[in-house]
Amino acid sequence: MKYDISIIGGLGHVGLPLGIMLANVGYKVNLIDINKNNSKLVLKGQMPFTEYGAEPILKKVLKNKKLSVSPSLKNVSLSKIIILAVGTPLDHYNNPDINEIMQPIKEIRKYINENQLIIIRSSVFPGTCENIYNYLIKKKKVEVSYCPERIKQGYAIEELGKLPQIVSGFTKKSEERASAIFKKISPKIIKSSIK
């Protein structure tokens with residue numbers, strides 16, 4: 001595998017700080033995102049939005065070749081771990097719209113393999129993770145974990161290193177694999193059920 005971790009939605013407020021922090025502890029991280037403007041800025045070592053403390057780490061991980069950017073979902077096939085960090089907008093009735101999450105899942109389904117772990121990082125309502133898991137295992141047996149983000153925009157770099165990380169998985173193996181990743185950046189892991 002070319003990458004340790006690929007983050008779908010990797011140039012957003014959740015994915016980019018997480019990617020920077022994971023690259024900073026030694027993972028080879030690929031940020032997958034179609035936002036060309038943010039991509040150009042990040043590759044120059046500039047943050048596309050306010051994130052305190054991020055830019056020096058971003059420059060360091062780019063220089064060390066631990067962080068790369070790609071617009072193509074095909075690149076998930078080159079990663080051991082896939083993190084889904086896309087937004088969950090509300091519809092006109094203020095209900096979460098799961099199409100934003102399901103669309104990339106549908107697209108990556110043809111590129112994933114059985115050795116990969118998929119971590120859902122997006123904030124989703126109960127039942128969404130089960131829908132994703134059931135959809136994915138119909139094609140291939142993959143490991144799926146849910147590790148919700150709990151950070152305040154602008155303070156993610158600081159909070160990723162201070163806040164406990166909630167980790168859950170559909171199997172013990174997926175829970176353990178996700179825990180191993182977040183133990184490198186979080187002070188404490190709290191294991192929970194998916195719901």
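Residues numbered from 1 in each chain as written. Predicted model: local features only at pLDDT ≥ 70, side-chain atom pairs only at ≥ 80, totals over all residues. Heavy atoms only, no water.

**Side note on the overall build of the protein**
For the protein, the count of helices and strands is 7 helices and 8 strands. Rg of the C-alpha trace for the protein: 16 Å, near the compact-globule value of 16 Å for 195 residues, within the 12% margin. For the protein, the C-alpha atoms occupy an extent of roughly 40 × 40 × 35 Å along the three principal directions. The long-range fraction of contacts in the protein, counting pairs at least 24 apart against all pairs at least 6 apart in sequence, stands at 72%. Put simply, the protein shows about 9,600 Å² of open surface, and 50% of that area lies on carbon and sulfur atoms. Distance between charge centroids for the protein: 8 Å, based on 31 positive and 16 negative side chains. (Helix = DSSP H or I, 4+ residues; strand = E, 2+ residues; numbered from the N terminus. Rg over C-alpha atoms; globule rule 2.2 N^0.38 Å. Contact = heavy atoms within 4.5 Å. Areas by Shrake-Rupley, 256 points an atom, 1.4 Å probe, with all protein chains shown as cover. Lys, Arg positive; Asp, Glu negative; His and termini not counted. Charge placed at Lys NZ, Arg CZ, Asp CG, Glu CD.)

**Quick look at helix H2 (residues 36-43)**
Because an α-helix completes one turn every 3.6 residues, residues spaced three or four positions apart along the sequence face the same direction. Taken as a whole, H2 has its buried residues at Asn38, Ser39 and Val42. Buried residues of H2 fall within an arc of 105° about the axis and therefore sit on the same side. Those residues of H2 that are exposed and aimed more than 90 degrees away from the buried face are Lys36, Asn37 and Lys40. Of the surrounding secondary structure, the elements contacted by the buried residues of H2 are helix H1 (15-24), helix H3 (54-63) and strand S3 (67-70). With a side-chain oxygen positioned 3.2 Å from the backbone nitrogen of Asn37, the residue opening H2 is Asn35. (Buried < 20%, exposed > 50% of the residue type's maximum accessible area, 1.4 Å probe, protein only. Arc of directions from axis to C-beta. Polar contact = N/O pair within 3.5 Å; in protein donor to acceptor, adjacent residues only side chain to side chain.)

**Overview of the pairing of strand S2 (residues 29-32)**
Here S2 shows no split at all, with Val29 and Leu31 on one side and Asn30 and Ile32 on the other all buried. Handedness of the crossover joining strand S1 (residues 3-8) and S2 through H1: right-handed. Note: S2 against S3, 4 bridges, orientation parallel. Residue Leu31 lies in a different strand from S3, and its bridge partner there is Val69. (Right-handed = clockwise from strand over helix to strand, strands pointing away. Pairing = 2+ DSSP bridges.)

**Quick word on the packing of helix H4 (residues 99-108) against helix H5 (residues 128-137)**
For the pair H4 and H5, interaxial distance at closest approach is 11 Å and the crossing angle is 15°. Here H4 is positioned roughly parallel relative to H5, judged by the angle of their axes. Our pair here, H4 against H5, has a crossing hand that is right-handed. In contact with Ile101, Met102, Ile105 and Lys106 of H4, H5 contributes Ile132, Tyr135 and Leu136. (Axes fitted to C-alpha atoms, helices over the stretch in contact; angles between N-to-C directions. Parallel < 35°, antiparallel > 145°, perpendicular 65-115°, else oblique. Left-handed = near helix turned anticlockwise from the far one by under 90°.)

**Structural notes on the nonpolar core**
The biggest cluster of nonpolar side chains holds 38 residues, and the ones touching the most others in it are Ile5, Ile20, Leu22, Val29, Leu67 and Ile119. In terms of residues, this core owes the most to one element, H1, which gives 6 residues. What Leu22 contacts, discounting residues up to four positions off in sequence, is Ile5, Tyr27, Val29, Ile83, Ile181 and Ile185. In terms of nonpolar packing, the next biggest core, distinct from the first, is built from 23 residues, Val76, Ile118, Val142 and Ile194 among them. (Core = buried A, V, L, I, M, F, W, Y, C linked by side-chain atoms within 4.5 Å.)

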